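Spelled out, the chains give:
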Amino acid sequence: MNTIQIKDKRFTVSIKEEEILKEVSRVADEINRDLAGKNPLFLSVLNGSFMFTADLMKRITIPCEISFVKLASYQGVSSTGAVKEVIGINEDLSGRTVVIVEDIVDTGLTMQRLLDTLGTRGPKEIHIATLLVKPEKLKVDLNIEYAAMRIPNDFIVGYGLDYDGFGRNYKDIYTVVNE
């Protein structure tokens, strides 16, 4: 499918699954190299990062653990401006190496909130791994060490990303078609 319709919007393929998986493998290789011997805790941000997390974890070869957190800052197609923690963190992070696994970093406000929250729990170090980053939209200075791809400020769906709850199930990433 080169074009899909979700609600009132049309989307066209912009990044094929093969390219996504190639970049996910590269990020996994970097993490395996950089964090060897550290037994990191991967903290996957739901819902959007579930596909990226699954594919990334299949390629992580070092001893590690995984957990999940759910934050909300979007409603429909735009940010609500408020970040609300929905599901908290139950693990003891004291002295741990933590890798936040996110689907997309655009303004960076959600990530900053998560970093602030995690920082109060005494981790040794925190790393960010994201499938996508929109550099021109960033509003805060973040150290994003592991970014699979940098993309323009387009509205996208697929591979875990949604439009008002729909479209997460597509294996490719689609960009909205301006009508």
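See above for the structure.
Residues numbered from 1 in each chain as written. Predicted model: local features only at pLDDT ≥ 70, side-chain atom pairs only at ≥ 80, totals over all residues. Heavy atoms only, no water.

Asker: Could you give me a rundown of the overall build of the protein chain, with the residues and numbers involved?
Answerer: Within the protein chain one finds three helices and ten strands. Element order for the protein chain, N to C, with α for helix and β for strand: β-β-α-β-α-β-β-β-α-β-β-β-β. Seen through its principal axes, the protein chain has C-alpha atoms that stretch 50 × 35 × 25 Å. Burial statistics for the protein chain: of 179 residues in total, 47% are counted as buried. (Helix = DSSP H or I, 4+ residues; strand = E, 2+ residues; numbered from the N terminus. Buried < 20%, exposed > 50% of the residue type's maximum accessible area, 1.4 Å probe, protein only.)

Asker: Describe the packing of helix α1 (residues 17-34) against helix α2 (residues 50-57), and please don't skip the residues or the numbers.
Answerer: One can describe the packing of α1 onto α2 by two numbers: an axis separation of 9 Å at closest approach and a directional angle of 60 degrees. Comparing their axes, α2 and α1 come out oblique. The handedness of the crossing between α1 and α2 is right-handed. Contacts between α1 and α2 involve Leu21, Val24, Val27, Ala28 and Ile31 from the former and Phe52, Asp55 and Leu56 from the latter. Of the residues assigned to the contact of α1 with α2, the class counts are seven nonpolar, no polar and one charged. (Axes fitted to C-alpha atoms, helices over the stretch in contact; angles between N-to-C directions. Parallel < 35°, antiparallel > 145°, perpendicular 65-115°, else oblique. Left-handed = near helix turned anticlockwise from the far one by under 90°. Contact = heavy atoms within 4.5 Å. Nonpolar A, V, L, I, M, F, W, Y, C, P; charged D, E, K, R; others polar.)

Asker: I'd like a rundown of the packing of aromatic side chains, residues and numbers included.
Answerer: A full pass over the atoms with the stated rule returns four aromatic pairs. Summarising the aromatic geometry, the rings of Phe11 and Phe155 are spaced 6.0 Å apart at their centres and angled 45 degrees between planes, so their arrangement reads as tilted. With Phe11 in strand β2 (residues 9-15) and Phe155 in the loop between β8 (146-150) and β9 (156-157), the pair connects residues that are 144 residues apart, well separated along the chain. You can call Phe155 partly exposed: its relative accessible area is 21%. (Phe/Tyr/Trp six-rings, centres within 6.5 Å; stacked < 30°, edge-to-face > 60°.)

Asker: Report on the sheet that holds β9, specifying residues and quantitative values.
Answerer: Reading across the sheet, the four strands line up as β1-β2-β10-β9 and stay open at both edges, with antiparallel pairing between neighbours. Sheet topology places β1 (3-6) and β9 at the edges, where each strand pairs with a single neighbour. Sheet analysis places β9 next to strand β10 (residues 173-176), joined by two bridges and oriented antiparallel. Note that in β10 the partner of Ile156 across the bridge is Thr175. (Pairing = 2+ DSSP bridges.)

Asker: How would you sum up the pattern of salt bridges? Please name residues and give values.
Answerer: If the charged atoms of two oppositely charged side chains come close together, the side chains can form a pair. Evaluation of the coordinates by the stated rule reveals nine salt bridges. A salt bridge links Lys16 to Asp172; the nearest nitrogen and oxygen atoms lie 3.6 Å apart. Taken together, the residues Lys16 in the loop between β2 and α1 and Asp172 in the loop between β9 and β10 connect sequence positions 156 residues apart. A residue is classified by how much of its surface remains accessible, and Asp172, at 4% relative accessible area, is buried. For the salt bridge of Asp34 with Arg33, the shortest nitrogen-to-oxygen distance reads 2.8 Å. (Salt bridge = Lys/Arg side-chain N within 4 Å of Asp/Glu carboxyl O.)

Asker: If you had to explain helix α3 (residues 109-119) to someone new, which residues and values would you point to?
Answerer: An α-helical turn contains 3.6 residues, so any two residues separated by three or four positions project in the same direction. Within the span of α3, buried status applies to Thr110, Met111, Leu114, Leu115, Thr117 and Leu118. Projected down its long axis, α3 carries its buried residues within an arc of 165 degrees, all on one side. (Arc of directions from axis to C-beta.)

Asker: Let's hear about the nonpolar core: which residues, and what values?
Answerer: If you look at the biggest cluster of nonpolar residues, it comprises 27 residues, and the most contacted ones within it are Ile20, Ile31, Leu56, Leu131, Leu132, Tyr159 and Ile173. Ranked by the residues each element gives to this core, the list is headed by α1, at five residues. Once you skip the residues sitting within four places of it in the chain, Leu56 turns out to touch Val24, Val27, Ala28, Ile31, Phe42 and Val101. Ranked by size, the runner-up nonpolar core spans 19 residues in total, among them Val98, Met111, Leu114 and Leu118. (Core = buried A, V, L, I, M, F, W, Y, C linked by side-chain atoms within 4.5 Å.)

Asker: Could you give me a rundown of the pairing of strand β7 (residues 125-133), with the residues and numbers involved?
Answerer: On a regular strand, one side chain projects to one face of the sheet and the next to the other, so that they alternate. With seven of nine residues buried, β7 lies mostly within the body of the structure. Direction of pairing for strand β6 (residues 97-105) relative to β7: parallel, over a ladder of eight bridges. Looking across to β7, one finds that Val99 is bridged to His127. You can see the chain leave β6, run along α3 and come back into β7, and the turn it takes is right-handed. Of the pairings in the sheet, the one linking β7 to β8 comprises four bridges and is parallel in character. Of the residues in β8, the one forming a bridge with Ala129 is Tyr146. (Right-handed = clockwise from strand over helix to strand, strands pointing away.)

Remember that the coordinates give geometry; whether it matters functionally is a separate question.
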